[in-house]
Amino acid sequence: MKMLEVNNLCKKYKKFALKDINFSIEEGYVMGLIGKNGAGKTTLIKTIMNQILKTSGEVIVNGWDNVTYEKKVKDMIGFVLVDFPYLSGTTLLNNGLLLGSYYSEWNQEVFIEYLQRFKLNPEKNYAELSKGMKTKFQLAFALAHNPKLLVLDEPTAGLDPIFRREFIDILCDLIRDEKKSILFSTHITSDLDKIADYITFIDKGEIIFSDSKENIQDKYHIVKGPISSFHQISNMNYVGLKKNETYFEALILDANTLKEDDILGLNMIIPKLEDIMLFMCNDNINGGVSNNA
Amino acid sequence: MDVVIINNSQVPIYEQIINQIKLQIIEGKMHVNSQLPSIRQLAKDLQISVITTKRAYEELEREGMIYSMIGKGFYVSDQNVEILKERQIQLIEKAMIDIIRECKKAGLTVDKAVDMLEILYEGENV
């Protein structure tokens, strides 16, 4: 059962475009959306949320088109976004009462429970919250209307590691019931190294890959060795390279098909998502990335 | 069931899970027909992806270490201890080949290497 399907989605601006985006999330799984600043993560999320109009393609949430059935779709999505659309002149409790009424499954008691769990005082004015508290508030609000899909746009940006850990804990709790799916965009990829089931990586408005994290970790490896062994990588399919007078480091594809002799004397390292991003985004590490494809 | 994940290890997480569960089954710490935590429970406890835990369980099932009952979960299979021991020995062999490679690199003779092994084997620290 697919919770979110993005098919051939395009959004054209004068100087930037999302090109032919395709990916989907199954019910009960976490999809991490990664890419550097300006890669198109937020544009993609805003298009999914129908906050900005798409140029072409379609977005299907739990079987419903996000434009044709906008109200129904928005009812199913809980979000934590960068710009907060909440009422800053009133209390958290009132924010829930006033804005929650737009949702068919709004539950004020659940909302208060989450506020308490996140140690937020319901009587506090929204404007008085710190950045981390605002994120928690948004999450409490999102969860109080029992969403099927959670859309989180950089929820952990600018927050300390303790809060980030707590946030990940909460998400882990949520997906245990197998009914909710999460789309989690971030450039702090260590948050996703652990919990994400799938990763969609975009750069310059295009998908570089969208795959399960297990497959990604099987496929990509970093090979590192002294420069005297550099000739050994000539047979490998590498997508990123960093090289100086002493050693070289390359991100290689199809690492699982290499034989032991191919890698004799070289170090094979399982890359973190961050490493993959660095190798594949940066066009000019130490003066020379080449692509043998 | 004990599982400890080392995050900056070069052993993939699913393999770490497999190895630790296997060891506990071989050592008899996990009994035949006892139930394993659900995939989602384990993923939550370890704060890892559901797919990673799923992969580990599926691999263990393929190897016959555990079996699944639809809608109920995973259980420890009745093990053939001899086969398990044999597999362990295969792993040791593989580790030894790595050591031999290192010895050759360092120019260590067989006799010297065996001496070293004997001393270490009898040592109290290992």
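Residues numbered from 1 in each chain as written. Chains lettered and ligands numbered in written order. Predicted model: local features only at pLDDT ≥ 70, side-chain atom pairs only at ≥ 80, totals over all residues.

**Topic: the sheet that holds strand E7 (residues 149-153) of chain A**
All names here are of chain A. Spatial ordering of the open sheet is given by E6-E7-E8-E3-E9-E10, a layout of six strands whose pairing is mixed. Two strands lie at the open edges of the sheet, namely strand E6 (77-80) and strand E10 (206-212), each paired on one side alone. In this sheet, adjacent strand axes meet at a mean angle of 15° when their direction is disregarded. Where strand E9 (residues 198-203) lies against E10, six bridges are found, and the strand directions are antiparallel. Counterpart to Tyr198 in the pairing with E10 is Ser212. Along the sheet, helix H1 (residues 41-48) contacts strand E3 (30-34), E7, strand E8 (181-185) and E9; its crossing angle with E7, the most-contacted strand, is approximately 150°. (Pairing = 2+ DSSP bridges. Helix = DSSP H or I, 4+ residues; strand = E, 2+ residues; numbered from the N terminus. Axes fitted to C-alpha atoms, helices over the stretch in contact; angles between N-to-C directions. Contact = placed C-beta atoms within 7 Å.)

**With respect to the domain arrangement of chain A**
All names here are of chain A. You can read the domains of chain A as domain 1 (2-213) and domain 2 (220-287). The distance between the C-alpha centroids of domain 1 and domain 2 comes to 35 Å. Taken together, the contacts link nine residues of domain 1 with six residues of domain 2. Listing elements by their share of the side of domain 1 that touches domain 2, those giving two or more residues are helix H7 (190-195) and E9. The biggest single contributor to the side of domain 1 that touches domain 2 is H7, with three residues. (Domains from an automatic or database assignment.)

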